[in-house]
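Coordinates in review
Listed below are the residues making up each chain.
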Amino acid sequence: LLEAKGRGRNMPPPVLIGDAGTVDALGTGLPDYARTLIEHCWPGPLTLIGREQPSLRWDLGDTRGTVAVRMPDHEVALEILRRTGPLAVSSANSTGRPAATSAAAAEEMLGESVEVIVDAGDSPGETPSTILDVTMDRPRILREGVLTVATLDEILAVHDLTVIDEG
C-alpha cells in the first residue's frame, strides 16, 4: 500500500473497521472522551489515532506504537469490512495529489500498482477525514477535515474538554 501510494514508512495508513466495537481489538486504553467521539461521529469522517494493541502484528509502517482507526460512512465499504474484518487502506491517490473521487480517476493514478478497485459510484467530495490523536488526556488535532474543531469541542463539552489545536 505504501509503495503504491509513493509513501514512506513514516506515513502509516489508517485501518477501516465495519463496526465501532472493533476499535478495541486494534487499540488499547482508549479514553472516555474518544468513546464519546465515536458515539457521535462514527460512522463518519473521523480518524482516531490511539495506542495499538500489543497483539496487533500488522506492518503498517513506522507507527511508534499507535494505530489510526476510522469507521467509514459508506454502505458498500461497511459491507466489505463486515465480511473481511479491518483493512489497512488509504485514499485513492498518489501521495501529494488530490484524492480520486471516481474509480476511473483512481485507476488513472494508481494503475497497475493496485490489484482491486471497488467502484461504488463517485465519492461525495475531496475533503478528508479529521484526524485526532487520542493517546493523551486531551485530544490533539493532526488534520482538520470534514469535522471542524468547533464541532469536536461541542461534542467534547460533556467531558469539559476541548481539542488541542496547534495549527
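Residues numbered from 1 in each chain as written. Predicted model: local features only at pLDDT ≥ 70, side-chain atom pairs only at ≥ 80, totals over all residues. Heavy atoms only, no water.

Let's talk about a nonpolar patch on the surface
Basically, it comes down to this: Patch membership requires more than 30% relative accessible area and the absence of a salt bridge. Residues of like charge join within 9 Å; the nonpolar side chains Val, Leu, Ile, Met, Phe, Trp and Tyr join within 5 Å. Each accessible area is a Shrake-Rupley result for a 1.4 Å probe, and residues are judged covered by the shown protein chains and nothing else. Basic side-chain nitrogens of Lys or Arg form a salt bridge, by our definition, when they fall within 4 Å of a carboxyl oxygen of Asp or Glu. Numbering of helices and strands starts at the N terminus; helices are DSSP runs of H or I of at least 4 residues and strands are runs of E of at least 2. Relative accessibility decides the category of a residue: with a 1.4 Å probe and only protein chains considered, values under 20% of the type maximum give buried, values over 50% give exposed, and everything between is partly exposed.
Taken together, Val76, Ile80, Leu87, Val116 and Val118 make up a surface patch of nonpolar side chains, about 390 Å² in accessible area. Relative to the elements of secondary structure, Val118 occurs in the loop between α5 (103-110) and β6 (130-133). Among the residues examined, Val118 registers a relative accessible area of 51% and is labelled exposed.

Overview of the pattern of salt bridges
Counted under the stated rule, the structure contains seven salt bridges. The salt bridge partner of Asp62 is Arg9, with a shortest N-O separation of 3.7 Å. You can see Asp62 sitting in the loop between β3 (46-52) and β4 (66-70) and its partner Arg9 sitting in the loop between α1 (2-5) and β1 (15-16), a full 53 residues away along the chain. Overall, Asp62 belongs to the partly exposed group, its relative accessible area being 40%. A relative accessible area of 39% places Arg9 in the partly exposed class. A salt bridge links Asp24 to Arg35, with the shortest nitrogen-to-oxygen separation between them at 2.7 Å. Of this pair, Asp24 sits in helix α2 (residues 23-26) while Arg35 sits in helix α3 (residues 32-41); the two residues are 11 residues apart in sequence, bridging distant segments of the chain. Shared partners join several salt bridges into a network, and the residues in it are Arg9, Asp59 and Asp62.

Some words on the side chain of Thr47
The cut-off we apply is this: What qualifies as a polar contact is a pair of N or O atoms within 3.5 Å, subject to a donor-acceptor requirement within protein and to the restriction that residues adjacent in sequence count only when both atoms come from side chains. Whether two residues touch is decided by their heavy atoms; if any such pair falls within 4.5 Å, the residues are in contact.
For Thr47, the position within the fold is in strand β3. On the basis of relative accessible area, Thr47 is assigned to the buried category, the value being 4%. Of the polar contacts made by the side chain of Thr47, one reaches the side chain of Ser129; its length is 2.9 Å. Once you skip the residues sitting within four places of it in the chain, Thr47 turns out to touch Pro14, Ala68, Val69, Arg70, Ser129, Thr130, Ile131 and Leu132.

Looking at the packing of α3 against helix α6 (residues 149-156)
This is how it is decided: Working convention: axes come from line fits to C-alpha atoms, limited for helices to the stretch in contact. Angles between N-to-C directions cover 0 to 180 degrees. Any angle that is under 35 degrees is reported as roughly parallel, and any over 145 degrees as roughly antiparallel; angles of 65 to 115 degrees are reported as roughly perpendicular and all others as oblique. Working rule for handedness: look at the near helix, and if it is turned counterclockwise from the far one by less than a right angle, call the crossing left-handed; if clockwise, right-handed.
Running from N to C, α3 and α6 cross one another at 115°; their axes reach a closest spacing of 10 Å. Of the possible angle classes, the one that applies to α3 and α6 is roughly perpendicular. You can see that α3 and α6 cross each other, and the crossing is right-handed. Contacts between α3 and α6 pair Tyr33, Thr36, Leu37, His40 and Cys41 from the former with Leu152, Ile155 and Leu156 from the latter.

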